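Report on the structure
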Amino acid sequence: PGPTAATSVHTRSPQRDLTMPPRHHHHHHHHRAGPTVAGAVVAGAAAGAVLAASTSRRPAHVHHRYRERVVIVSTTSAERVVRIVCPAGVSGGMIMEILVDGREYFVTVPPGTRPGMPFDARIPAAVVVAAPPPVQRVVVAPPPAQKTVVVTTQRSGPKFVPAAAIVSDNHGSWTRVRYETLRGAERAWGSLGMFYASVLFVQTPTGAFGAFKEWGVPKAVAQIKKRFEHEFKRELFPELCAAPVSTAVPAAPPAVPAAPPSYAAAPPPVYAAPPPPAYGA
């Protein structure tokens, strides 16, 4: 019988030995199990339960990419505690990839954890990067009449929004998708499968593209990068890969040498030299 249905059945003998002291029946009170998943995790955390270790550096092998929502239990200036439910096929000692506020963390599942059991993990606190102050430029004009003119200008210009693309090789079935923003590409990246290779490319301010995220064996990732550079980049971003228009000034045609003078009639006559003067004896 279960803990809540435990009962004690006592049988009485027809006659009782008066020389023996009466026996006291100790009733064991079986307490019902505590609260369910959320309450049990809170109680464990309050009692000093071991928190799972995590790191932001990708390990050599990741067993599972966590796709469920991650709940932030507590936050301090140095770290945050998040709650995760162990998914099917994952057990203690395995490494899971989770996504918190757009950043990847890799959590080691505590020993003894089974699928369906919640556990807490410790991750670093969110780093708030303050925007740099605007660059101020001071121009001092020459003093025409002992006066100093100070002009303050601020840097302005359109904000650069990088384009992105995701290319996947699902065992020979290639897919490539263009995204106008990196945020949209990262949302799509979280829904990709973990059994095939994928690379997320992002545009740099110079117009080139680089690998922002990679998933899969090195050989498959290298093949994706090669096809993107030689084929998919021109297909997905034709406006960025158009051949530059030549603005060179055409060279002047070579000079034609002047033709020798032509004579309509016969050439001019050749005059003989006059004879020398005769000298007398």
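Residues numbered from 1 in each chain as written. Predicted model: local features only at pLDDT ≥ 70, side-chain atom pairs only at ≥ 80, totals over all residues. Heavy atoms only, no water.

What follows covers the sheet that holds strand E1 (residues 54-55). Reading across from one edge, E1-E6-E5-E2 is the order of the 4 strands in this open sheet, with mixed pairing throughout. Whereas interior strands pair on both sides, the edge strands pair on one side only; in this sheet they are E1 and strand E2 (64-65). Of the strand pairs in this sheet, E2 and strand E5 (residues 95-100) are connected by 2 bridges, and their pairing is parallel. The partner of His64 across the bridge, within E5, is Met96. (Pairing = 2+ DSSP bridges. Helix = DSSP H or I, 4+ residues; strand = E, 2+ residues; numbered from the N terminus.)

Looking now at the pattern of salt bridges. All chains considered together, the criterion is met by 14 salt bridges. Here Arg65 makes a salt bridge to Glu97, at a shortest N to O gap of 3.9 Å. Of this pair, Arg65 sits in strand E2 while Glu97 sits in strand E5, and the two are 32 residues apart along the sequence. Each member of the pair, Arg65 as well as Glu97, is classed as buried. (Salt bridge = Lys/Arg side-chain N within 4 Å of Asp/Glu carboxyl O. Buried < 20%, exposed > 50% of the residue type's maximum accessible area, 1.4 Å probe, protein only.)

Picture the strands of a sheet paired through backbone hydrogen bonds; they go either parallel or antiparallel. Here 3 strands make up an open sheet; going across it, the order is E3-E4-E7 and the pairing antiparallel. Across the chains shown, the open sheet's two edge strands, defined by having one partner strand only, are strand E3 (71-75) and strand E7 (118-124). If you compare each strand with its neighbour and ignore which way they point, the axes differ by 30° on average. Where E3 and strand E4 (residues 79-85) come together, 4 bridges link them in antiparallel fashion. The residue of E4 that forms the bridge with Val71 is Arg83. (Axes fitted to C-alpha atoms, helices over the stretch in contact; angles between N-to-C directions.)

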